[in-house]
Each structure stands twice: as C-alpha cells, then as structure tokens.
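This is what each chain is made of:
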Amino acid sequence: MKVLLVCSQGMSSAIAAKALQEAAAKQGLDVTVTECSTQAFAEEIKNGYAIGMVAPQIRHRFDTLKAQADAAGIPCVLIQPQGYTPLGGPKLLAQIKEVLGEIK
Amino acid sequence: MFDKITKFMDEKLSTPMAKLAEQRHLRAIRDGIIATLPLIIVSSMFMVIAFLPNSMPADWGITQFLMANQTKILLPYRVSMYIMTLYAVFGIGYSLACSYDLDGLSGGILAELAFLLTIIPASIPAPGAAVTALAAESADLANYLAQVPSGFVLPMGNLGSAGMFIGIIVSFFAVEVFRWTQKSGFKISMPPQVPSSVARSFESLTPTAIVLIVVAAITMFIGIDVHGIVSKIVAPLVSATDSLPSVLLIIFLAQFFWSFGIHGWSIVGSLARPLWLVLLEENTTNYVASAAVTNIAAEPLYQWFVMIGGSGATIGLAILFAVRAKSAYGKALGKTAIIPAIFNINEPMIFGAPIVLNPMLIIPFIIAPLLNGTIAWFATSMGLVNHVVASSPWTLPGPIGAFLACGNDWRAAVLSILLILLSIAIYYPFFKMYDNQLLEDEQNADNAA
C-alpha cells in the first residue's frame, strides 16, 4: 500500500513518514510512504496511492488539497497533531485504518 | 477556560485568517516565487564564492584568481537571481491558470509575454564615422566602444526584484484575460467544418492579442513608465518592511499562527516574500557593485538570527530536551528532535512536545524570536554584523547559514551562536516546569499501575 504525506515543503513530513513506515513494519504491514510539498501534491497523488495525508500545520490548505485528491479519486485526511511527531507512527497508522479499514 | 479561549480563537481568528492566504492570487504569488527559490539559493552561492577574497588573505593564489575572475564568476548570478522576476512571472501565470483549470503552460507564457512587454528594448546604433575617428585617438574611448553591444538590447534592471510588483500585476492581468476569453466565448470561432485542433489554435490567439495590444499600448506606444510609477507606490511599503516594528509584527504573526499549529511562516511569507526579495536583491546588487549595503530585514535575517532551529527559535528547547530532560517522554523526544532541529526543522517538537496550545511553552515560543529579532536588527543596523546579502539553503545549521548569508562574515556566526545560547536561557525555566510536570505524570501513572 502506498501512502502520500504532504507538508509545506516536504521536509518535516519526511520525519513523520519514517515514523509511519516503522510503525507499519512492526505490525508486519507492507506500507510505502512518500512525502511531497503542497505544490507537487496535485500531480503526485495520481500515482497509485491508497491515501493522501495532510500535515496539521497546513490545515488551512486542506480544502484545496482535498479537492485535488478527490479529483484523482483518492481519500485524503488531515493528520491529527499528536500523530505528526517522530513518535506518532502508531497514531498515523490508526488513522489510516480508520479510513481504509484493515490493511492487507 | 484556557481550552475554551484557544478553541474560540482558533475557529474564529487564526484558521479564517490562514485561509485568506489561500486566496488563489496570493497562492499564485507564493507558488510562483517559491518555484524560483532554488535558483536564488544556488546563484547566491556563486556570489559567495566571488566575494570569498574579502575574507581571505590577499596574497593567496586562490584569492588573486577569484579577484581576477570576479565578473566572470558572477555571470551565472546575472542570469538567475539578478533577473528572478523573469522566472517568477512564469510560475505565477502557470499557477493562477491552473487554479482556474486553464492550461498552465499557456497561462505562464501569457504572463511572461505581458511582463516582457513592460521592458522596453533599446536599439544601440553602431558608432558613426565621427565617433570612430575620435576612438582612433583615445584608447579609453576605443576600449569603451569595444564593450558596447550594438543592435537590440534588453535592459536588465527591471527583470529582477525591481520589477517584481509589475510582474505580479501583469501576470494577473494576462491570466484574467485568458480566463475571460475562455469563459465568455469572446474568441475567434471557426465554422464547425474546421478541424478542432486548428480551431483551438485560433482560439488561443484572442487572449494573446488582447494582452499584447493592451500592455504594449500602455508601455510602448503611449510610453507610460509603469515600473517607475509602481516602484514609487511600493517604496514606502518596502522601507516599512525593513523597520523594527514590522520585523516584530512579522515575527509575532508567524508565532501566533504556529501557536495554533498552523504554518505561520508560510502564511506571513505569502504576503511578505515579494518585499523581502526586493530588500535582499537591493542588498545583493549593491554588494556586488561594492556600494553601501543598507537593508536590514530581508528573509535571511529571520532565517539565521530569529528562527534558529525553526520557527520560535526552538533550537534552545531542542537542546534542553536532548541533554536536560528527566522525564522519559522528554528524553525520547529530545533524542528524535535534536537532529532535525540542527537543520531548522522543528515540527517534531511543535507537535511532539507539544508547543501547540501549550500555555507553558507558547510563552517562550513567542518571546525568544521577538528578542532575537530585536537583537539581530540592532546588531545589523549598528554594523556589528554585515547586512544579509545572500540566500543560503534554509536547512543549513544556524552559524554556517549566518556566515554565508552575511557575505562570509564570521561575526554573523558568532551572533548566531550567542542567540542560540540566549534561546536556551529563555526556554530553560519553562522547559524545567514542563519537564517536571511530565515527570510527575509519569510517576503518577506508574503508581497507579
């Protein structure tokens, strides 16, 4: 399963991406996480992702990004602030499961 | 009580204000300018190299080599940062067109056309017989003539930040014309027998014709000096941005948004970045020309002296968590947050500590950068450090970035280190209070278990 994380410049999301990847590996799930900037999101989300996740600090851009994900037919959620930390991997994973159900 | 106030302020104030910055024209400016930042950063480094001799012993071979080739080394800078509006305009047109679901490439090209129509090419005639005769007698004149190009020449002065505001205005104009012709059907329509690809190529002629005729009429045929007019209007705004009250206001707003967990710098930057670029490029131009550099508060000032370790000057807090935390959570956070913090990424702490909506940590989060800003502003205006002249990559560790941004000034690195120490001092009492509270919670949880 592929997950796309988006933040302002694709820098801080790399940290959350790593946390998510580790949490998924611990549960034996095959999850690949990619991060990108707001500007790149509209194009990137078209590349076969299961879900797009928006960093909390750009929540004022969520509506715009959600519309771009909708256009590609991909679900898109706003990351809870508590999940956006190096220790927040399990929370991110839980949030994905909430939207997509159990991950195979 | 605190929860209620913050919830109210978040819903009624910070989020709606942040959403304003998402207005499509502001977004187009932001995206267009951000697209040029790699270019500005890389070409800035050419400038840093060209002026390395200023901070090296004069008798070194490398110093003399750089001095002798300075003009040549600066040429890449001349066709990149020096004319950055030329690039930004394309991005602005592209982004605005995309936001209307129009073809981005057409939008970018139309915007570029509209901008270049405000730059009047000069035609330089070849020297006449009388001038050539004079040049035969004066080596000075002959030398000068050899350097003067003939034929059509595009003056570069307004292709850089000096033309930024005109660039923004005409990009908007071009894309709005594009949108209007597409929506209103005011375009050359072909009879249905004409193949659709041919028909489309005629349709795109209308916005191009309108943009070309209108802008050329204003700037070239009537001869209105749009750059002169707009720079007069914008001048007070630019100099106001350079003042201490503006610096403090900008810092406060950025921290205010971040306190709610919204990317404050990105929002404030959407509005201020064009002005910062004007300030920075004026400095750069003067620096390269060896003239007096006078502007204080371009973006690098904030990057290297105010927001050290990320918005809120949180480098101090990261260091404290890493080396002084007693609570298990604080230790774990410090371990993961310190490395990104060195490279000015602090979301792990903002959301991890958290600082967001945490009254204990919000206080130093706002005070530390305000104090840093005040000190940096005075240090620069009193000449204790050089004015910022280059844009170095924002992920460099503070002192290194400061050294480069101030044109290889070691005093800037020292100031950066002093401000890091100050940040530690300001965060310390609040950190201590918070860490103790975490520790207490952990012990209570242990006892309960």
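Bear in mind the structure is a predicted one, so any value in this text is a computation, not a measurement. Along each chain, residue indices are assigned from 1 in the same order as the chain's sequence is written. The order in which chains are written sets their letters, starting at A; the order in which ligands are written sets their numbers, starting at 1. It should be noted that, the model being predicted, local features are given only for residues of pLDDT at least 70 and side-chain atom pairs only at 80 or more, the latter also being counted only at that level, while totals for whole chains, interfaces and linings use all residues.

Undergrad: Sorry if this is basic, but what is going on with the overall build of chain A here?
TA: When helices and strands are counted, chain A shows four helices and four strands. Under the scheme used here, helices are H or I runs from DSSP no shorter than 4 residues and strands are E runs no shorter than 2 residues, and both carry numbers assigned from the N terminus. Order of helices (α) and strands (β) in chain A, N terminus to C terminus: β-α-β-α-β-α-β-α. Two things to know: the radius of gyration comes from C-alpha atoms, and the globule rule equals 2.2 Å times the number of residues to the power 0.38. On C-alpha atoms alone, chain A measures out to a radius of gyration of 12 Å, which is about the 13 Å that the 2.2 N^0.38 rule sets for 104 residues. We call a residue exposed when 12 or fewer other C-beta atoms sit within 10 Å of its C-beta, buried when the count reaches 20 or more, and partly exposed for counts in between; the C-beta positions come from the backbone. A buried classification covers 49% of the 104 residues belonging to chain A. Look at the contacts in chain A between residues 6 or more apart in sequence, and 66% of them connect residues 24 or more apart. Throughout, a pair of residues is in contact if the C-beta atoms placed from their backbones lie within 7 Å.

Undergrad: Explain the interface of chain B and chain A here, please?
TA: The extent of an interface is frequently quoted as the accessible surface area lost upon association of the parts. Contacts between the two partners involve 22 residues from chain B and, on the opposite side, 17 residues from chain A. Breaking the side of chain B that touches chain A down by element, the ones donating at least two residues are helix H1 (2-20), helix H2 (24-50), helix H17 (328-342) and helix H18 (347-352) of chain B. Ten residue types, Ala, Val, Leu, Ile, Met, Phe, Trp, Tyr, Cys and Pro, are classed as nonpolar, four, Asp, Glu, Lys and Arg, as charged, and the remainder, Gly among them, as polar. Of the residues in the side of chain B that touches chain A, the class split is twelve nonpolar, six polar and four charged.

Undergrad: Explain helix H3 (residues 62-71) of chain A here, please?
TA: What sets the pattern is the α-helix's 3.6 residues per turn: residues three or four places apart point alike. Residue and element names in this part refer to chain A. Listed as buried for H3 are Leu65, Gln68 and Ala69. Across the axial projection of H3, the buried residues extend over an arc of 100 degrees, all falling on one side. Set apart from the buried face of H3 by more than 90 degrees, the exposed residues are Asp63, Ala67 and Ala71. Looking at the residues trailing H3, positive phi occurs at Gly73, about 70 degrees. In this description, one arc is meant: the one made by directions from the helix axis to the C-beta atoms.

Undergrad: Please explain the sheet that holds strand S4 (residues 76-78) of chain A as it appears in this structure.
TA: Consider a sheet: its strands pair through backbone hydrogen bonds, and that pairing is either parallel or antiparallel. Residues and elements named next belong to chain A. Taken in spatial order, the four strands line up as S2-S1-S3-S4 in an open sheet, and their pairing is parallel. Whereas interior strands pair on both sides, the edge strands pair on one side only; in this sheet they are strand S2 (32-37) and S4. Along the sheet, successive strands turn relative to each other by an average axial angle of 25 degrees, direction set aside. In the sheet, strand S3 (residues 51-54) pairs with S4 via three bridges, with the strands oriented parallel. Looking across to S4, one finds that Met53 is bridged to Val77. Between the N-to-C directions of two axes lies an angle of 0 to 180 degrees, each axis being a line fitted to C-alpha atoms and, for a helix, fitted only over the stretch in contact. Taken strand by strand, helix H1 (residues 12-26) contacts strand S1 (2-7) and S2, and its axis lies near 150 degrees from that of S1. Most of the contacts of helix H4 (residues 89-100) go to S3, to which it runs at about 135 degrees, and overall it touches S1, S3 and S4. Strands are treated as partners if at least two bridges between them are detected by DSSP.

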